[in-house]
Amino acid sequence: MASRFEFEAIGTSWVIDIPEALSMDKERALIDAIKTRIADFDGAYSRFRDDSLVARISRAAGEYRLPDDAAPMIALYREIYDLTGGLVTPLIGRTLSDAGYDAAYTLRPKADIARPKRWEDVMEYEHPILRVKEPVLLDFGALGKGYLIDIVAGIIRERGIDVYTVDAGGDMAYRGAHPLRVGLEDPADSKKALGIAYVSSGQSVCGSAGNRRAWDRFHHIMDPRTAESPRHIAGLWVVADTTMLADAISTALFFVGPERLSKYSFEYAIVFADRSAVKSARFAGEFFGA
């Protein structure tokens, strides 16, 4: 009998499927390790908690020692920041909060919404020390969940489990004997799929759409130049070798074309606001009727 874990964490639903039958003790030890690791991550990087490290950074300038796991996350964030000309930025936290996506989930925009400053004007990072020149509300939403999925998948592999699916709100890491069929949710109707993707073993898939975490005139992706949410894309999906990269690229494609991100290996499918669609040449999947 397979093992399956379902729980809520970091504001989303998690489903972990392991075809292998685990003993009750192994199941308990595994889920305890996963939930403890998620709680530690949330305690460091959540902007929705008053007691997180991110919350402390938002209250005072100075030097902060970041956890060891910060290094790969911030390194990729900096690369994506540079490749997008600063349009994907961890400094977007105050903009999101002012727009209503705040710690209390008020979903009520302020009259004046802050624009983020440039990375180099606000902070410097030399692992493990982050120096901030002024209080700043960081947001790791562009790749943090994907990174955490990778971390959870690593915990599973450390226990000798080689076949699994880790699904956090539709973003997935997968290992298995056969490609995983993943439905591409229609951004206009969450009960329908407008296509399908095939995710190979060792790959991850992340999606992003304006219909999720949407309120007023905004959704969870914000343009730092205008403090408005991009509307030209209805939804998109990215397949890559890590969930962190797939997550980051799924945000970046709202701002730049895939050619700007060609240093990375990934495949994509995009549905635009006018319902036209495009996918990369090697994207393993299809749009229905296309």
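That block above? That's the structure.
Definitions and cut-offs
Residues numbered from 1 in each chain as written. Predicted model: local features only at pLDDT ≥ 70, side-chain atom pairs only at ≥ 80, totals over all residues. Heavy atoms only, no water. Pairing = 2+ DSSP bridges. Helix = DSSP H or I, 4+ residues; strand = E, 2+ residues; numbered from the N terminus. Axes fitted to C-alpha atoms, helices over the stretch in contact; angles between N-to-C directions. Contact = heavy atoms within 4.5 Å. Salt bridge = Lys/Arg side-chain N within 4 Å of Asp/Glu carboxyl O. Buried < 20%, exposed > 50% of the residue type's maximum accessible area, 1.4 Å probe, protein only. Core = buried A, V, L, I, M, F, W, Y, C linked by side-chain atoms within 4.5 Å. Phe/Tyr/Trp six-rings, centres within 6.5 Å; stacked < 30°, edge-to-face > 60°. Lys NZ or Arg CZ within 6 Å of the ring centre and 35° of its normal.

Caption draft 1: Structural view of the sheet that holds strand 1 (residues 3–9). Pairing in this open sheet of 8 strands is antiparallel, and the strands run 1-2-6-7-10-11-12-13 from one edge to the other. With partners counted over all chains shown, the strands left at the sheet margins are strand 1 and strand 13 (277–279), one partner each. Ignoring strand direction, the axes of neighbouring strands in this sheet form an average angle of 10 degrees. As judged from the 3 bridges shared by strand 12 (residues 266–272) and strand 13, these two strands associate in the antiparallel manner. Note on strand 13: the bridge partner recorded for V271 is A277. Against the sheet, helix 7 (residues 243–252) contacts strand 7 (171–175), strand 10 (204–209), strand 11 (233–240) and strand 12, and its axis sits at roughly 25 degrees relative to strand 10.

Caption draft 2: A look at the side chain of S208. Tracing the backbone shows S208 in strand 10. For S208, the residues in contact, after removing those within four places along its chain, are H220, I221, G235, L236, S250 and F254.

Caption draft 3: Quick look at the sheet that holds strand 8 (residues 180–186). Strand order in the open sheet formed by 3 strands is 8-9-14, with antiparallel pairing between adjacent strands. What marks the edges here is a single partner per strand, and that holds for strand 8 and strand 14 (285–287). The mean inter-strand angle of the sheet, taken between neighbouring strand axes irrespective of direction, is 35 degrees.

Caption draft 4: Highlighting the pattern of salt bridges. This structure, assessed with the given rule, holds 22 salt bridges. R28 serves as the salt-bridge partner of D25, at 3.2 Å between the closest nitrogen and oxygen. Of this pair, D25 and R28 both sit in helix 1 (residues 24–45), 3 residues apart, roughly one helical turn. One salt bridge connects K133 with E124, and the closest N-O pair in it is separated by 3.9 Å. Look at E124 and you get partly exposed, because its relative accessible area is 42%. Via salt bridges that share partners, R78, D82, R118, E120 and D121 belong to a single interconnected network.

Caption draft 5: Structural detail: the nonpolar core. The biggest cluster of nonpolar side chains holds 74 residues, and the ones touching the most others in it are W14 and I156. Ignoring sequence-local partners within four residues, the contact set of I156 consists of I16, I18, L30, I34, I161, Y164 and V166. Within the second largest apolar cluster, 15 residues are counted, among which are V199, A269, F283 and F287.

Caption draft 6: Structural context of the packing of aromatic side chains. Considering all chains together, one arrives at 12 aromatic pairs under this definition. Measuring from centroid to centroid gives 5.8 Å for W215 and F218, while their planes differ by 40 degrees, and the two rings are tilted. With relative accessibility at 0%, the residue F218 sits in the buried group. Here the basic side chain of R47 rests over the ring of Y101, its NZ or CZ set 5.0 Å away from the ring centre. One cation-aromatic arrangement involves R78 over W119; the distance from NZ or CZ to the ring centre is 4.8 Å.

Caption draft 7: Examining the pairing of strand 1 more closely. Side chains S3, F5, F7 and A9 project from strand 1 onto a buried face, and the interleaved R4, E6 and E8 project onto a face without burial. Examined bridge by bridge, strand 1 and strand 2 (residues 12–18) share 7 bridges and lie antiparallel to one another. Bridge pairing in strand 2 places F7 opposite W14. Between strand 1 and strand 2, which pair antiparallel and follow one another directly, the connecting turn spans 2 residues, one of which, I10, has a positive phi of 45 degrees.

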